[in-house]
Amino acid sequence: MEDLIAWADIIGTIAGILVLSSFIPQLVKAYKTKKMFDVSIHLMILIASGMFLWVIYGFIRSDPVIIGTNAAGFVLNISLLVMKLRYDKMQNSTVKTG
């Protein structure tokens, strides 16, 4: 049984790393282009909310894999959300003044 739990932790960690790494290309693209009009703010809010709830669930279950991956994902998603708000505001002010 302990072997199964160890394997579950390994699989969960790998899954978490893969999911978290999916944020990196969008963060890099947003930083380079300073444009995020095509990224849905509603999607980011829903994902951040879900990840926050997963963190709470992880604490209830005392599961460090769930806590760690979802806390990191929450931070990455909030970073994207902040970039979206900032870059959309920059684009809107450029369009209005330009």
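Remember, it's a predicted structure, so these values are computed and weren't measured experimentally.

## Remarks on the overall build of the protein chain
Looking only at helices and strands, one finds four helices and zero strands in the protein chain. Along the protein chain, from the amino end to the carboxyl end, the secondary structure elements read α-α-α-α. Here the C-alpha radius of gyration of the protein chain, 17 Å, is well above what a compact globule of 98 residues would show, namely 13 Å. Along the longest, intermediate and shortest principal axes, the C-alpha atoms of the protein chain span 65 × 25 × 15 Å. For the protein chain, with 98 residues in total, the buried portion stands at 28%. Contacts spanning at least 24 positions in sequence make up 75% of the contacts within the protein chain whose residues lie at least 6 apart. Accessible surface computed for the protein chain: about 7000 Å², of which carbon and sulfur atoms make up 72%.

## Quick notes on the packing of aromatic side chains
Under the counting rule described, the total for this entry stands at two aromatic pairs. Note on F52 and F74: the rings are 5.8 Å apart at their centroids and 45 degrees apart in plane angle, and the pair reads as tilted. Of the two residues, F52 is situated in helix 3 (residues 41–61) and F74 in helix 4 (residues 64–97); the sequence distance between them amounts to 22 residues. For the ring pair W54 and Y57, a centre distance of 5.4 Å and an interplane angle of 85 degrees mean the geometry is edge-to-face. Of the two residues, W54 and Y57 both sit in helix 3, three residues apart, roughly one turn of that helix. Classification of W54 by relative accessible area gives partly exposed; the value is 46%. Note on Y57: relative accessible area 35%, which makes it partly exposed.

## Quick notes on the pattern of salt bridges
Per the counting criterion, the structure on display carries one salt bridge. Here D88 makes a salt bridge to K84, at a shortest N to O gap of 2.7 Å. One end of the pair is D88 and the other is K84, both in helix 4 and four residues apart, which spans about a single turn. Residue classification places D88 among the buried positions, given a relative accessible area of 14%.

## Some details on the packing of helix 1 (residues 2–21) against helix 2 (residues 23–33)
Relative to each other, helix 1 and helix 2 sit at 20 degrees, their axes nearing to 4 Å. It follows that helix 1 is roughly parallel to helix 2 by the angle criterion. Seen from helix 1, the contacting residues are V19, L20 and S21; seen from helix 2, they are F23, I24 and P25. Along the lines of polarity and charge, the residues of the contact of helix 1 with helix 2 split into five nonpolar, one polar and no charged.

## Observations concerning the environment of V65
Mapping V65 onto the fold places it in helix 4. Residue contacts for V65: discarding those within four places in its chain leaves D9, G12 and T13.

Cut-offs applied
- Residues numbered from 1 in each chain as written.
- Predicted model: local features only at pLDDT ≥ 70, side-chain atom pairs only at ≥ 80, totals over all residues.
- Heavy atoms only, no water.
- Helix = DSSP H or I, 4+ residues; strand = E, 2+ residues; numbered from the N terminus.
- Rg over C-alpha atoms; globule rule 2.2 N^0.38 Å.
- Buried < 20%, exposed > 50% of the residue type's maximum accessible area, 1.4 Å probe, protein only.
- Contact = heavy atoms within 4.5 Å.
- Areas by Shrake-Rupley, 256 points an atom, 1.4 Å probe, with all protein chains shown as cover.
- Phe/Tyr/Trp six-rings, centres within 6.5 Å; stacked < 30°, edge-to-face > 60°.
- Salt bridge = Lys/Arg side-chain N within 4 Å of Asp/Glu carboxyl O.
- Axes fitted to C-alpha atoms, helices over the stretch in contact; angles between N-to-C directions.
- Parallel < 35°, antiparallel > 145°, perpendicular 65-115°, else oblique.
- Nonpolar A, V, L, I, M, F, W, Y, C, P; charged D, E, K, R; others polar.

Nothing here speaks to function; it is geometry throughout.
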